[in-house]
Amino acid sequence: QVQLVESGGGLVQPGGSLRLSCAASGSIFSIYAMGWYRQAPGKQRELVAMTFNAGSTNYADSVKGRFTSSRDNAENMVYLQMNSLKPEDTAVYHCFSKRTPRGAWDDMDDWGKGTLVTVSS
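A brief report on the enclosed structure follows. A quick note: this is a predicted structure, and the numbers were derived from the prediction, not measured. (Residues numbered from 1 in each chain as written. Predicted model: local features only at pLDDT ≥ 70, side-chain atom pairs only at ≥ 80, totals over all residues. Heavy atoms only, no water.)

Turning our attention to the side chain of Arg38. Looking at where Arg38 falls in the secondary structure, it is placed in strand β4 (residues 33-39). Looking at Arg38, the relative accessible area reads 7%, which means it is buried. Here Glu46 takes part through its side chain, which lies 2.8 Å from a polar atom of the side chain of Arg38. At 2.8 Å, the side chain of Arg38 and the side chain of Tyr93 are in polar contact. In contact with Arg38, not counting residues within four places along its chain, are Gln44, Arg45, Glu46, Val48, Ser62, Val63, Phe67, Glu88, Asp89, Ala91, Val92 and Tyr93. (Helix = DSSP H or I, 4+ residues; strand = E, 2+ residues; numbered from the N terminus. Buried < 20%, exposed > 50% of the residue type's maximum accessible area, 1.4 Å probe, protein only. Polar contact = N/O pair within 3.5 Å; in protein donor to acceptor, adjacent residues only side chain to side chain. Contact = heavy atoms within 4.5 Å.)

Aromatic ring pairs are reported here in terms of the distance separating the ring centres and the angle at which the planes meet. Taken as a whole, this structure holds two aromatic pairs when the rule is applied. Considering the side-chain rings of Tyr37 and Phe96, the 6.3 Å spacing of their centres and the 50 degrees angle between planes classify their relative orientation as tilted. You can see Tyr37 sitting in strand β4 and its partner Phe96 sitting in strand β9 (residues 91-98), a full 59 residues away along the chain. Across the pair, Phe96 and Tyr37 agree in class, each one buried. (Phe/Tyr/Trp six-rings, centres within 6.5 Å; stacked < 30°, edge-to-face > 60°.)

On to the side chain of Arg66, then. With respect to the element layout, Arg66 can be found in the loop between β6 (57-59) and β7 (67-72). Assessed through its relative accessible area of 11%, Arg66 is described here as buried. A polar side-chain atom of Arg66 sits 2.7 Å from a polar atom in the side chain of Asp89. Apart from the residues within four sequence positions on either side, Arg66 is in contact with Gln81, Met82, Asn83, Ser84, Leu85, Lys86 and Asp89.

What the four strands build is an open sheet, ordered β1-β3-β8-β7; its pairing is antiparallel. Across the chains shown, the open sheet's two edge strands, defined by having one partner strand only, are β1 (4-7) and β7. Neighbour to neighbour, the strand axes of the sheet diverge by 15 degrees on average, direction disregarded. In this structure, strand β3 (residues 18-24) lies alongside strand β8 (residues 77-82), joined through six bridges in antiparallel fashion. Considered in β8, the bridge of Leu20 is made with Leu80. (Pairing = 2+ DSSP bridges. Axes fitted to C-alpha atoms, helices over the stretch in contact; angles between N-to-C directions.)

Only one face of β7 is covered, namely the one carrying Phe67, Ser69 and Arg71; the face carrying Thr68, Ser70 and Asp72 has none of its residues buried. Here six bridges tie β7 to β8, and the two strands are oriented antiparallel to one another. Bridging across to β8, Phe67 finds its partner in Met82. Adjacent in sequence and paired antiparallel, β7 and β8 are bridged by four residues, among which Asn76 carries a positive phi angle near 55 degrees.

What follows is the structure, encoded as structure tokens:
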């Protein structure tokens, strides 16, 4: 089990950018996938991005072309670069880990408490 701590959220105007960071308490080298999900008030959880240890990343259609997820296995860090932000991106963003390919594609083993992103003018 790894503990995950997110940072980098805040208030940004529409069209702006933010970079979220996620620090893991242990090695993420062997973890199958690391990623981000978001939860907006009154809405279902949405898996935003998932970066696999082989290097590829899957994105939700709602963020494709605007968000970039990456992982630094040497530093045990995960990042989410968010560009061209829209008001509908407002949510609490959580980092998560999926340790193995077993189970459903969106199963999560560990997750952090989240960081709030507010997109508003």
